[in-house]
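Architecture at a glance
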Amino acid sequence: MDNLMLLNLNSLFGCLDRDQAMDGVADGAFSWLYGLICNLFRKIILSIVSAGPMPTHVAMIMDGNRRFARYRKMKKNSGHRYGFQSLVSTLRNCYELGIKYVSIYAFSIDNFNRKPEEVGGVMDLMHEKIEDALREGSFIKTFGVKVQFVGKLELLPEHVRSSADKLMKETAENTRGMLSICVCYTSTDEIAHSVQEASHENCIRSGKFLNGNECGKSEANSDACPITLADLEKHMYMAHCPDPDILIRTSGKLDKERDGIPIKCLC
């Protein structure tokens, strides 16, 4: 895409919260003053950024949490928790800036190959954060954000999928912003999903004119069920969003898991 900017950033603004948590700032007056200064600095930065042209759609690939934890000699799941904290701060900043569409590529299908305890920890953390978003006063409800989970959601544990469904239903009528959370996602799976859905839809549609035969009969061949680019785009997981203007990959790595890069950013 001509207007796609591929940025390798640790975080847009979330680093403030992460550093504050890691530095162990003392309690009391100094802690209060430190928080006040950070918040003032954040507002100044937001004011400066908002004066320029704003993207419509920002996409972020969450990566590097394990390296963050390893560098600080922490458990891997602690790194994921700090990553989620930075994500929430960054999302809040995006919606304060008036960015309507934000997409998060949070968990690849390939990540299920990691150790069971790490995968279980990430799933439990995801469930916890979804439950937080369901509570009154969460930034999701404050900013009127519609949440959409996309990907091979049947791979999620039942308790996570149930909470995700509930959050999607509760935010379905929100219009001020759109948050797409890609879980159990790879770009190749998105392509396969789009082809299968487009083929199924076109075959059924064409079958009405094939002497009443059902899709799959010999008359309903590939010539009778052509798939166009428009058909594929219609059935992409991210069909509800415009193409990203900015892609952020927080780890600074571009060559590790290419299958996790959004297909819209490769076209």
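It should be emphasised that the depicted structure is a prediction, and the values quoted were computed from it without experimental measurement.

A closer look at the confidence of the model for the chain
On average, the chain scores 78 in pLDDT, and the residues at 70 or more come to 75%. Of all helices and strands in the chain, the one with the weakest mean pLDDT is strand 1 (residues 5-7) (38), whereas helix 7 (residues 158-170) scores best (95). A low-confidence stretch, residues 1-26 stays under pLDDT 50, and its non-local contacts, those more than four residues away or across chains, total 63 contacts. Note that residues 209-213 has pLDDT below 50 and, in this model, six contacts with residues that lie over four places away or in other chains.

Examining helix 7
With 13 residues, helix 7 should cover 18 Å at 1.5 Å per step; its first-to-last C-alpha distance of 18 Å lies within 8% of that length. For helix 7, the complete set of buried residues consists of V160, S163, A164, L167 and M168. Seen end-on, helix 7 carries its buried residues on one side only, within an arc spanning 140°. Away from its buried face by more than 90 degrees, helix 7 exposes E158 and K169. Where helix 7 is buried, its residues contact helix 5 (116-134) and strand 4 (145-150).

With respect to the packing of helix 4 (residues 76-96) against helix 5
Packing of helix 4 against helix 5 leaves a shortest axis separation of 9 Å and a crossing angle of 25°. Here helix 4 lies roughly parallel to helix 5, going by the angle between them. Every pair of crossing elements has a handedness; the one defined by helix 4 and helix 5 is right-handed. Between helix 4 and helix 5, the residues in contact are K76, N77, H80, R81 and F84 and E117, E118, G121, V122, L125, M126, E128 and K129, respectively.

Quick notes on the pairing of strand 2 (residues 57-61)
With five of its five residues buried, strand 2 lies for the most part within the structure. Where burial is concerned, the two faces of strand 2 agree: the one with H57, A59 and I61 and the one with V58 and M60 are both buried. As judged from the five bridges shared by strand 2 and strand 3 (residues 101-108), these two strands associate in the parallel manner. Bridged to H57 within strand 3 is Y101.

Focus on unusual backbone geometry
At K73, a position not held by glycine, the phi torsion is positive, near 55°. Structurally, K73 can be placed in the loop between helix 3 (65-71) and helix 4. Residue K73 is classed as exposed on the basis of its relative accessible area of 77%. If you check the backbone angles, C184 has positive phi at about 50° while not being a glycine. Of note, C184 is situated in strand 5 (residues 177-185).

Some details on the environment of D63
Mapped onto the elements of the fold, D63 is located in the loop between strand 2 and helix 3. Classification of D63 as buried rests on a relative accessible area of 11%. Counting along the chain gives 20 residues from D63 to G83, while the straight-line C-alpha distance between them is 8.5 Å.

With respect to the pairing of strand 3
Strand 3 sits mainly inside the fold: eight of its eight residues count as buried. The pairing of strand 3 with strand 5 spans seven bridges and is classified as parallel. Residue pairing across strands places F107 opposite V183, the latter belonging to strand 5.

Considerations on the packing of aromatic side chains
The tally for this structure, following the rule as stated, stands at four aromatic pairs. An angle of 65° between the planes, with centres 5.2 Å apart, marks the rings of Y105 and Y185 as edge-to-face. One end of the pair, Y105, is in strand 3; the other, Y185, is in strand 5, with 80 residues separating them in the sequence. You'll find Y105 and Y185 in the same group, each marked buried. The side chain of K100 reaches across the aromatic face of Y101, ending 5.9 Å from its centre.

Notes on the pattern of salt bridges
Tallied over the entire structure, the rule returns ten salt bridges. Residue R81 pairs with E128 through a salt bridge whose shortest N-O separation is 3.1 Å. Here R81 is found in helix 4, whereas its partner E128 is found in helix 5, with 47 residues between them in sequence. The salt bridge involving E118 is made with R114; its shortest N-O contact spans 3.4 Å. Of the residues examined, E118 reaches a relative accessible area of 5% and is grouped as buried. Look at the salt bridges and you will find they share partners, linking R66, R114 and E118 into a network.

What counts and how
Residues numbered from 1 in each chain as written. Predicted model: local features only at pLDDT ≥ 70, side-chain atom pairs only at ≥ 80, totals over all residues. Heavy atoms only, no water. pLDDT = per-residue confidence, 0-100. Helix = DSSP H or I, 4+ residues; strand = E, 2+ residues; numbered from the N terminus. Contact = heavy atoms within 4.5 Å. Expected span 1.5 Å × (residues − 1). Buried < 20%, exposed > 50% of the residue type's maximum accessible area, 1.4 Å probe, protein only. Arc of directions from axis to C-beta. Axes fitted to C-alpha atoms, helices over the stretch in contact; angles between N-to-C directions. Parallel < 35°, antiparallel > 145°, perpendicular 65-115°, else oblique. Left-handed = near helix turned anticlockwise from the far one by under 90°. Pairing = 2+ DSSP bridges. Phe/Tyr/Trp six-rings, centres within 6.5 Å; stacked < 30°, edge-to-face > 60°. Lys NZ or Arg CZ within 6 Å of the ring centre and 35° of its normal. Salt bridge = Lys/Arg side-chain N within 4 Å of Asp/Glu carboxyl O.

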